[in-house]
Amino acid sequence: QVQLVESGGGLVQAGGSLRLSCVFSGRTFSSYSMGWFRQAPGKEREFVTSIGWSGGSTRYADSVKGRFTISRDNARNTVYLQMTSLKAEDTGAYYCAADRSGYYGSYGSEYDYWGQGTQVTVSS
């Protein structure tokens with residue numbers, strides 16, 4: 001059974017940075033593509049970014065392009081989300097997800113496993 005554990009969330013001022021981590025266990029990490037999604041209070045969950053199994057392919061939501069960077073370390077079974085130039089609208093619970101098909105899609109339904117989330121709050 002795959003388990004995903006996120007960490008690194010917190011409170012940060014607008015313009016600041018945070019790095020989120022998601023540790024994968026239970027299966028062969030390098031066989032899964034990974035994604036980050038977020039959900040703000042009262043809003044639907046939305047796609048943030050995703051990365052293919054090798055790390056060579058990535059996808060970003062327009063709202064975070066140029067500010068967020070996804071990466072992975074297959075030796076550490078970890079996917080990262082580096083967030084810079086944070087804005088108040090980036091506030092929300094951030095979830096990592098794993099897709100066993102290997103396709104780094106942008107729809108939540110494409111992902112098979114989800115973490116419990118880590119809260120990011122950006123104060124303006």
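Here the structure is shown first, and the text comes after it.
Residues numbered from 1 in each chain as written. Predicted model: local features only at pLDDT ≥ 70, side-chain atom pairs only at ≥ 80, totals over all residues. Heavy atoms only, no water.

### A word on the packing of aromatic side chains
Move 1: Enumeration over the complete set of coordinates arrives at eight aromatic pairs.
Move 2: Centre to centre, the rings of F24 and F29 are 5.1 Å apart; their planes meet at 55°, and the pair counts as tilted. As far as the burial class goes, F24 and F29 line up, both buried.
Move 3: Between F37 and F47, the aromatic rings sit 5.6 Å apart at their centres with planes inclined by 70°, giving edge-to-face as the arrangement. Of this pair, F37 sits in strand β4 (residues 33-39) while F47 sits in strand β5 (residues 46-51); the two residues are ten residues apart in sequence, bridging distant segments of the chain. Of the two residues, F37 and F47, neither departs from the other in class, the shared state being buried.
Move 4: Feature note: the residues F24, F29, Y32 and Y113 constitute an aromatic cluster, connected by ring pairs.
Move 5: One Lys or Arg, R45, reaches over the ring of W114 and ends 4.1 Å from the middle of that ring.
Move 6: Directly above the ring of F29 sits R72, whose terminal nitrogen or CZ lies 4.2 Å from the centroid. (Phe/Tyr/Trp six-rings, centres within 6.5 Å; stacked < 30°, edge-to-face > 60°. Buried < 20%, exposed > 50% of the residue type's maximum accessible area, 1.4 Å probe, protein only. Helix = DSSP H or I, 4+ residues; strand = E, 2+ residues; numbered from the N terminus. Lys NZ or Arg CZ within 6 Å of the ring centre and 35° of its normal.)

### What to know about the sheet that holds strand β3 (residues 18-25)
Move 1: An order of β1-β3-β8-β7 is seen for the four strands of this open sheet, with the pairing classed as antiparallel. The open sheet has two edge strands, β1 (3-7) and β7 (68-73), and neither has a second partner. Shown here is a sheet whose adjacent strand axes are inclined to one another by a mean of 15°, direction ignored.
Move 2: Pairing of β1 with β3 involves five bridges; the strand directions are antiparallel. (Pairing = 2+ DSSP bridges. Axes fitted to C-alpha atoms, helices over the stretch in contact; angles between N-to-C directions.)

### A word on the pattern of salt bridges
Move 1: Using the criterion set out here, one finds six salt bridges in the structure.
Move 2: Taking the shortest distance from any N to any O, the salt bridge between D90 and R38 comes out at 2.9 Å. Residue D90 is located in the loop between β8 (78-83) and β9 (92-99), and its partner R38 is located in strand β4; the two are separated by 52 residues in the primary sequence.
Move 3: Accessibility expressed as a relative area gives 5% for R38, which makes it buried. (Salt bridge = Lys/Arg side-chain N within 4 Å of Asp/Glu carboxyl O.)

Read these as spatial facts, not as claims about activity.
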